[in-house]
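Remarks on the overall topology
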Amino acid sequence: MSALRGLILAAADSPRLQRFVQRYGFRLGAARFVAGETLDDAVLVLRRLNESGLLTNTTLLGEGVRDEAETRTVVAAYREVLDRIHAEGLRTNVALKLTHLGLTIDEEVARRNVAELVEHAAERGNFVRIDMEESRHVEATLRIYRALREAGHENLGAVLQAYLFRAEDDLAALLPLAPNLRLVKGAYLEPPEVAYPRKSDVDAAYVRLLEAALTGAGFTAVATHDETLIEHAISFAQEHGIPKERFQFQMLYGVRPRLQLDLVRRGFDVLVATPYGPEWYRYLMRRLAERPANLLFLLRNLVRG
Ligand SMILES: Cc1cc2nc3c(=O)[nH]c(=O)nc-3n(C[C@H](O)[C@H](O)[C@H](O)COP(=O)(O)OP(=O)(O)OC[C@H]3O[C@@H](n4cnc5c(N)ncnc54)[C@H](O)[C@@H]3O)c2cc1C
């Protein structure tokens, strides 16, 4: 991991920085990565993306909730999101974080909350993906995913992070479920005991996961902006006769928008992860850490006032 990336992720914990960014950040440039602070804002963006041929998901930003009552508010908000997607006829599904739904309080609270949302989504023909967070949550997250799949819920997916040493074993254990998996490189600050520190190792691990997922049963969401990996996925799928319906590309709102549309023009499904909500601070910090040049973008806006 680059020193700057580590520094940005570590600095994100500073309450002073959080106050400053929270106060000025949206105006300064958070709007590039976040579809707005309200569901109404997000719906406008989601519709526009859909109209340009892109699939979308949305997330009510927030994580690390420590109060059970608050998790119920989050569940209610997601029920409303699913109802609204249905009413508006959007091609949008939902991605959520288990620590937003109570994972740090009690695994059972998170499991119940996500089960309720998965059911609500199924009644509206929709799909829920459980994002993957810090490595300390991986075990419980995969346990919940597996429990819900074994309980008969088909409309949910999970995420594997290539930077984690354990990811390949996790994939092998999940493949018999014919899972819907999103593959990512990984966005958190992880110690070298659990994750590859070097980018080249992460990229190589991503290729191994990608090939194993594509040739296994299930559906693969290739979530990266890395063109080399994207082209590898395309040629690997062609060489192995893997139909386009078995995978899609996923990218983040505000990142490589031209590449997103180019892939659509080439006939691939592309989903744009389009989060919204007032709690965008940690999400923005991860986006800055991934590409420190984004800091310059924010600073330029600051200078321009
Ligand atoms: C749809 C989606 C869902 C995700 N879900 C999760 C998750 O559940 N858990 C998790 O840990 N991580 C998640 N991530 C983040 C992921 O782990 C990476 O941190 C992120 O995608 C950057 O890595 P990359 O694969 O794009 O490759 P990189 O090698 O980091 O980047 C490749 C190129 O993409 C561009 N790029 C990458 N990031 C940015 C950025 N922030 N701003 C501008 N340009 C950029 C640059 O041109 C860069 O050269 C998700 C990513 C996507 C796209």
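Residues numbered from 1 in each chain as written. Predicted model: local features only at pLDDT ≥ 70, side-chain atom pairs only at ≥ 80, totals over all residues. Heavy atoms only, no water.

Structural notes on the packing of helix α7 (residues 167–174) against helix α8 (residues 199–215)
Where α7 meets α8, the axes come as close as 10 Å, and the angle between the chain directions of the two elements is 5°. In terms of orientation, α7 and α8 fall into the roughly parallel class. Packed against α7, whose contacting residues are Ala167, Glu168 and Leu171, the element α8 presents Arg208, Leu209, Ala212 and Ala213 at the interface. Per-class residue counts for the contact of α7 with α8 are five nonpolar, no polar and two charged. (Axes fitted to C-alpha atoms, helices over the stretch in contact; angles between N-to-C directions. Helix = DSSP H or I, 4+ residues; strand = E, 2+ residues; numbered from the N terminus. Parallel < 35°, antiparallel > 145°, perpendicular 65-115°, else oblique. Contact = heavy atoms within 4.5 Å. Nonpolar A, V, L, I, M, F, W, Y, C, P; charged D, E, K, R; others polar.)

A short note on the packing of α8 against helix α9 (residues 227–239)
It is the contact of α8 with α9, at a shortest axis distance of 11 Å, that shows an interaxial angle of 30°. As judged from the angle between their axes, α8 and α9 are roughly parallel. Relative to α9, α8 is oriented so that their crossing is right-handed. Residues Asp203, Tyr206, Val207, Leu210, Glu211, Leu214 and Thr215 of α8 form the contact with α9, whose own contacting residues are Leu229, His232, Ala233 and Phe236. Grouping the amino acids of the contact of α8 with α9 by side-chain chemistry returns seven nonpolar, two polar and two charged. (Left-handed = near helix turned anticlockwise from the far one by under 90°.)

Side note on the environment of arginine 258
Mapped onto the fold, arginine 258 is located in helix α10 (residues 257–265). Separated by 128 residues in the primary sequence, arginine 258 and isoleucine 130 place their C-alpha atoms 27 Å from one another.

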